[in-house]
Each structure stands twice: as C-alpha cells, then as structure tokens.
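Residue strings, one per chain:
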Amino acid sequence: MKRFLLLYKGPATLPDASHEGWPQWFTGLGEHLLDVGSPMKQGYTLHGDGSADECATPLNGYAIIQAEERAEAVRLVQSHPYLSLGDEYTVELFALR
C-alpha cells in the first residue's frame, strides 16, 4: 500500500472549535489510518536569504493514511468532517515515498 500525507488547510481554528465527527471518521478508516496526526499552530517561516517571519502557510494539522492508489485515498478523505466546515477548508493529499 502507498502512504499519503493529509494536510488540513484553512482559516485558523479557534481553541474551542468542535471536532465532532473526527473520532468516528478516524475509527472508520481502520487499517488505512497510519498516524492520526496533530493540530498545527504558530507557524514560522525561514527564507533562503536568512530572514524569517510569522506568515506560514495556513495549515491546521496533518494525518497519514495508506491506500492502494490515490483514487482510493481520495475516496477515503471525501467524507472527512473538516471538509464540511466550508469552501475555505481543504484537505491536500501528498503521496509519500
């Protein structure tokens, strides 16, 4: 099976934001879930010229799943509760080597 990194991208989530449906979604993945991941906050960007700033990409978290092919990974992710928060919330999938 191939591994896929899921990146949750969107507006910053409030500290008291509901994660209703997430535990059930992760449980439903069964053997496809490799790493439930973690929320991400306080991003920091380092630039090649040595400068740095607090304007990191708006990532809210990550997880790692496995699937036979990308099409199966996409099918598994389509029901993720994060996607129901609105059009500005996305899940990006990247194949891992």
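Structure: above.
Quick caveat: nothing in here was measured; it's all calculated off a predicted structure. (Residues numbered from 1 in each chain as written. Predicted model: local features only at pLDDT ≥ 70, side-chain atom pairs only at ≥ 80, totals over all residues. Heavy atoms only, no water.)

Tracing the chain through its elements places Asp 49 in the loop between β3 (45–46) and β4 (52–53). We classify Asp 49 as exposed; its relative accessible area is 65%. Along the backbone, Asp 49 and Val 74 are 25 residues apart, and their C-alpha atoms lie at a distance of 37 Å. There is a polar contact of 2.6 Å between the side chain of Asp 49 and the side chain of Ser 51. (Helix = DSSP H or I, 4+ residues; strand = E, 2+ residues; numbered from the N terminus. Buried < 20%, exposed > 50% of the residue type's maximum accessible area, 1.4 Å probe, protein only. Polar contact = N/O pair within 3.5 Å; in protein donor to acceptor, adjacent residues only side chain to side chain.)

For strand β5 (residues 59–67), the tally of buried residues reaches seven of nine residues, placing the bulk of the element in the interior. Summarising the sheet, strand β1 (residues 2–9) and β5 pair through eight bridges and their orientation is antiparallel. Its bridge partner being in β5, Leu 5 is matched across the sheet by Ile 64. Judged from the four bridges that link them, strand β2 (residues 33–39) and β5 form a sheet pairing that is antiparallel. Each bridged residue has a counterpart across the sheet, and for Pro 39 the counterpart in β5 is Gly 61. (Pairing = 2+ DSSP bridges.)

In this section: the nonpolar core. Within the largest apolar cluster, 16 residues are counted, with the highest numbers of intra-cluster contacts made by Leu 6, Tyr 8, Phe 26 and Ile 65. Listed by contribution, the elements that provide at least two residues to this core are β1, α1 (22–29), β5 and α2 (70–77). Examining the composition of this core, we find that four residues originate from one element, α1, more than from any other. Those residues in contact with Leu 6 that lie beyond four places of it in its chain are Trp 25, Gly 61, Tyr 62, Ala 63, Ile 65, Val 77, Val 91, Glu 92 and Leu 93. (Core = buried A, V, L, I, M, F, W, Y, C linked by side-chain atoms within 4.5 Å. Contact = heavy atoms within 4.5 Å.)

Position of Gln 66 relative to the elements: it lies in strand β5. Residue class for Gln 66 comes out buried when judged on its relative accessible area of 17%.

With respect to the helices and strands, the residue Ala 73 is situated in helix α2. For the pair Ala 73 and Arg 97, spaced 24 residues apart in the sequence, the C-alpha separation amounts to 15 Å.

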